[in-house]
Structures are given as structure tokens and as C-alpha cells.
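# Examination of the molecular architecture
So the chains spell out like this:
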Amino acid sequence: MAYRKKIICEYYAVACRKNDQSDDNPDAFFDFRRWIKKANQFLPSEEENTYDDLTYTYYQEEARLDNIWLLEEGVYALKFARLRQTNLPHTATEKNEGEPISLEDNEYIGEEVVGIYNAQENILMLQRNKHSLSPTGIEQYLNLLWGNKEGKKFI
């Protein structure tokens, strides 16, 4: 039997506004390649395989950017993850009662969000599951990594 699953792809224009900007002023488009360039410098290398600089608290859990790929000129793929240690699934067999998955310290269930950014159209497409980061969570993550040094926030 073939397995079928519906997926939802959400599309967003990448925009920003200054922190002190009122809601009456229009938002400005943001060249998301600038954020990607900043994030790329924190991705682990072969010598240093840690995601510490890319991991931020998301509610009582952690969120991070796992990787960025250049697919073609101006088109990028991004993989974010929500790292959870709560509301864990169970493993079960046909003959045994389900048992919760046991995680070690610093071990998580990773819930992925995959994005594709098209710089020419200034569109970010997100595909996620119900346990992963929400679009608002992605926005918060973008702002945390950006650091608001330019007084802007993504929306």
C-alpha cells in the first residue's frame, strides 16, 4: 500500500521594519542573503562541530539552524530544527505496551522546518510539521540571530 501524506508549503515575503517604526509605515523588503551570510559564519566546520552559536531558547526548548545550501544562483535551502525533550513519542510493538523514548542528556527529538529562499522574488517558502517551529518561531529565530544591530526586526 502506498503511503500518502499532505504537506503544506507556506510562502512569505521577507520584510523588516525598524524597532521604533509604527504599524502605519509600510514594511521594507529585506535582502535575506544578508541574514544567510551572517548565519553561514556560525555553521560548524570540520574542525569545530558545535551548533552553540546557532542555538537559541524557544519557549522551554531549543531551536537552531542546522544548515544552508546554495541550490543555484540566488536560491538557497535552509534547515531549521526545534529540539524537544518533552511530549516525546513512544515505541511499541504489536505485542508489547508502548514505552516512552528515552533520551540521554543533551539529546533531543529534532523537528525540522525546511525553507527555500528565492532572492530574485524575495520569497521564503517554509515546509514544516506540527511539532516544528511555527512561522512566528522562525521569525523570532531570525531576529535573535540577526541581533537587531541595525534596529530592524523581521516580520
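Scope of this entry: the structure provided in the associated data block. (Residues numbered from 1 in each chain as written. Predicted model: local features only at pLDDT ≥ 70, side-chain atom pairs only at ≥ 80, totals over all residues. Heavy atoms only, no water.)

What follows concerns the packing of aromatic side chains. Under the defined criterion, the tally for this structure stands at eight aromatic pairs. When the ring of Phe30 is compared with that of Trp146, the centres are 5.1 Å apart and the planes differ by 85°; the resulting orientation is edge-to-face. Residue Phe30 is found in the loop between strand S3 (28–29) and helix H1 (33–40), and its partner Trp146 is found in helix H2 (residues 135–146); the two are separated by 116 residues along the sequence. On the basis of relative accessible area, Phe30 is assigned to the buried category, the value being 3%. For Trp146, a relative accessible area of 6% puts it in the buried group. (Phe/Tyr/Trp six-rings, centres within 6.5 Å; stacked < 30°, edge-to-face > 60°. Helix = DSSP H or I, 4+ residues; strand = E, 2+ residues; numbered from the N terminus. Buried < 20%, exposed > 50% of the residue type's maximum accessible area, 1.4 Å probe, protein only.)

What follows concerns the pairing of strand S4 (residues 55–58). Looking along a regular strand, one sees the side chains alternate between the two faces of the sheet. Note that S4 and strand S5 (residues 61–72) share four bridges and pair antiparallel. For Thr57, the partnering residue across the bridge sits in S5 and is Glu62. Counted between consecutive antiparallel strands, the loop separating S4 from S5 contains two residues, among which Tyr59 sits at a positive phi close to 55°. (Pairing = 2+ DSSP bridges.)

Another point: the nonpolar core. Counting residues in hydrophobic clusters, the biggest one holds 27 residues, and the most contacted among them are Phe32, Trp35, Leu65, Leu78, Phe80 and Tyr117. Put simply, the parts of the chain that give this core at least two residues each are H1, S5, strand S6 (75–84), strand S9 (109–118), strand S10 (123–128) and H2. At five residues, H2 tops the list of elements feeding residues into this core. Apart from the residues within four sequence positions on either side, Phe80 is in contact with Trp35, Arg64, Leu65, Asp66, Glu111, Glu112, Val113, Leu133, Ile138, Tyr141 and Leu142. (Core = buried A, V, L, I, M, F, W, Y, C linked by side-chain atoms within 4.5 Å. Contact = heavy atoms within 4.5 Å.)

Here the focus is H2. In a regular helix each residue adds 1.5 Å, so 12 residues correspond to 16 Å; H2 covers 16 Å between its end C-alpha atoms and thus fits that length. Along H2, the residues classified as buried are Gly137, Ile138, Tyr141, Leu142, Asn143, Leu145 and Trp146. Phi for Gly147, located one or two positions after H2, is positive at around 80°. (Expected span 1.5 Å × (residues − 1).)

What follows deals with H1. Within the sequence span of H1, burial applies to Trp35, Ile36, Lys38 and Ala39. Angularly, the buried residues of H1 cover 160° about the axis, an arc narrow enough to put them on a single face. (Arc of directions from axis to C-beta.)

Here the focus is the sheet that holds S9. What the six strands build is an open sheet, ordered S1-S10-S9-S6-S5-S4; its pairing is antiparallel. If you trace the sheet from one side to the other, it starts and ends with strand S1 (9–13) and S4, each paired once. Taking the axes of each pair of neighbouring strands and ignoring which way they run, one obtains an average angle of 30° across the sheet. Those strands touched by H2 are S1, S4, S5, S6, S9 and S10, and its axis lies near 135° from that of S4. (Axes fitted to C-alpha atoms, helices over the stretch in contact; angles between N-to-C directions.)

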